[in-house]
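The chain contents come next:
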2 protein chains.
Amino acid sequence: MVQQDPALALDNQICFALYALNRAVTARYRPLLAELELTYPQYLVMLVLWEHGGDGEPARVSDVGARLRLDSGTLTPLLKRLQARGLLTRQRQANDERVVRLVLTEAGWQLRTLARQVPGRLICGLDVEPQRLIALKQELRSLLVTLENSEPSA
Amino acid sequence: MVQQDPALALDNQICFALYALNRAVTARYRPLLAELELTYPQYLVMLVLWEHGGDGEPARVSDVGARLRLDSGTLTPLLKRLQARGLLTRQRQANDERVVRLVLTEAGWQLRTLARQVPGRLICGLDVEPQRLIALKQELRSLLVTLENSEPSA
DNA sequence: TGGATTCACATTGTGCACAATTAAATTGCT
DNA sequence: AGCAATTTAATTGTGCACAATGTGAATCCA
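What comes next is a walk through the structure.

Calculation rules
- Residues numbered from 1 in each chain as written.
- Chains lettered and ligands numbered in written order.
- Predicted model: local features only at pLDDT ≥ 70, side-chain atom pairs only at ≥ 80, totals over all residues.
- Heavy atoms only, no water.
- Near = heavy atom within 4 Å.
- Polar contact = N/O pair within 3.5 Å; in protein donor to acceptor, adjacent residues only side chain to side chain.
- Helix = DSSP H or I, 4+ residues; strand = E, 2+ residues; numbered from the N terminus.
- Nonpolar A, V, L, I, M, F, W, Y, C, P; charged D, E, K, R; others polar.
- Pairing = 2+ DSSP bridges.
- Salt bridge = Lys/Arg side-chain N within 4 Å of Asp/Glu carboxyl O.
- Axes fitted to C-alpha atoms, helices over the stretch in contact; angles between N-to-C directions.
- Parallel < 35°, antiparallel > 145°, perpendicular 65-115°, else oblique.
- Left-handed = near helix turned anticlockwise from the far one by under 90°.
- Contact = heavy atoms within 4.5 Å.
- Core = buried A, V, L, I, M, F, W, Y, C linked by side-chain atoms within 4.5 Å.
- Buried < 20%, exposed > 50% of the residue type's maximum accessible area, 1.4 Å probe, protein only.
- Domains from an automatic or database assignment.

What follows covers the protein's contact with DNA strand D. Around DNA strand D sit 28 residues, and of these Tyr19, Ser72, Thr76 and Arg90 of chain A together with Thr39 of chain B come closest. Considering the 4 Å shell around the protein, atoms of DNA strand D inside it are sugar or phosphate in 77% of instances. Note that a phosphate oxygen of DNA strand D is positioned 3.4 Å from one of the side-chain N or O atoms of Arg60 of chain A. Measuring from a phosphate oxygen of DNA strand D, one finds a side-chain N or O atom of Arg81 of chain B at 2.8 Å. Elements supplying a minimum of two residues to the surface near DNA strand D: helix H1 (14-34), helix H3 (61-68), helix H4 (72-84), strand E2 (88-93) and strand E3 (96-104) of chain A together with helix H2 (40-52), helix H4 (72-84) and strand E3 (96-104) of chain B. By residue class, the composition of the surface near DNA strand D is six nonpolar, nine polar and 13 charged.

Now the structure itself:
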């Protein structure tokens, strides 16, 4: 039981802290999102589509993928499930049959009203200084940028 | 494209920063762990088993689960894959047939030698102040504790 | 002691993630 | 014009996560 190598101690791995907290936070979202009948990744996709708006050109699958860092292998079936629920339509672009445009339906937009309550309710149940969360978010985002802009060397 | 509700803006969600960074970090580990023919969750399980040591009683499935916050639905197939690779054995405890004890094989222990290089190589390729990572890790761990000790209220 | 409860793990089913491949359409180049 | 290269999604296959349920074993306890 004596750990001989601090470098391999689980509690010393940042990656594990990140992994465990991410799952714990997702678990917090789950009951809230269940009221919207959304999974957590589905919720993120809806955030992107709501943010993209209904005025300009509809978002493409690759737009959503670029925003969330997810590929079509993940998004295609997820989007089909959202479509099956009537939250959006997937239509091939006329002048370029390769691209699929994602258009929110009325139901998709209406879900936004319910979703508005989610962030607040989550923070409430958390009982943590908002400042602390904002600082953490900034740090996480900063590290993400660093990681994405550097080669995955050695 | 104009975001009308800051509360729903993707970039304001801590959860997304956490989710995206976690996947980016896991992606960094992937090529390193591929040399050991381990996935990231498999690597975490091996860390637990190495840490548990070979002197006392072998770890139970539930011990690993408690440490990693994973249930048997995730661990059972994962452990069977590690067993199929010859890294460990799974044996029912004689005096309590409910319990499965996990014993590392010689190959399982030898893999530890290779694994020792992983954390260092990852940090190296990261090019971030170690202090910053340690501080972040502490913050993540602290929040995990807070989350686990509070009710998942509304 | 016997019956209900709890415990430890396994199984089943759904939904991500991601690598690798495929396929169709567009663009670039000469 | 015509062919290669690129772009955009979809498909296939593997491996987590996790809810729900099942199964057998141990425990509680009236």
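Next, the rest of the story.
All right, on to the pairing of strand E2 (residues 88-93) of chain B then. The two faces of the sheet receive side chains in turn, since in a regular strand these alternate between them. As defined by bridge partners, E2 of chain B adjoins E3 of chain B across six bridges and the pair is classed as antiparallel. Across the sheet, Gln93 of chain B pairs through a bridge with Asp96 of chain B, a residue of E3 of chain B.

Our next topic: the pattern of salt bridges. Inspection of every chain in the model, using the stated rule, returns 20 salt bridges over all chains. The closest approach of N and O atoms between Arg60 of chain A and Asp63 of chain A, which form a salt bridge, is 3.3 Å. Here Asp5 of chain B ties to Arg116 of chain A by a salt bridge, and the two come within 2.6 Å at their closest N and O atoms. Of this pair, Asp5 of chain B sits in the segment before helix H1 (14-34) while Arg116 of chain A sits in the loop between helix H5 (106-115) and helix H6 (117-124), each in a different chain.

The packing of two helices is summarised by the inter-axis angle and the distance between the axes. Residues and elements named next belong to chain B. Across the interface, H1 lies against helix H6 (residues 117-126) with an axial gap of 10 Å and an inter-helix angle of 135°. What the angle tells us is that H1 and H6 run oblique. Considering how the two elements wind past one another, H1 and H6 form a crossing that is right-handed. In this structure, H1 uses Arg28, Tyr29, Leu32 and Leu33 to contact H6, whose residues at the interface are Val118, Arg121, Leu122, Gly125 and Leu126.

The next thing to look at is the nonpolar core. In this structure, Tyr43 of chain A together with Tyr43 of chain B are the most contacted members of the largest nonpolar core, which totals 103 residues. If one sorts the elements of this core by residue count, H1 of chain B sits on top with 13 residues. A domain-level breakdown of this core finds at least three residues from each of domain 1 (38-115) and domain 2 (117-154) of chain A. If near-sequence neighbours (up to four positions away) are discounted, Tyr43 of chain B is found in contact with Leu8 and Gln13 of chain A together with Tyr29, Leu33, Leu38, Val118 and Pro119 of chain B.

Interpretation note: all reported values are geometric properties and have no functional meaning in isolation.
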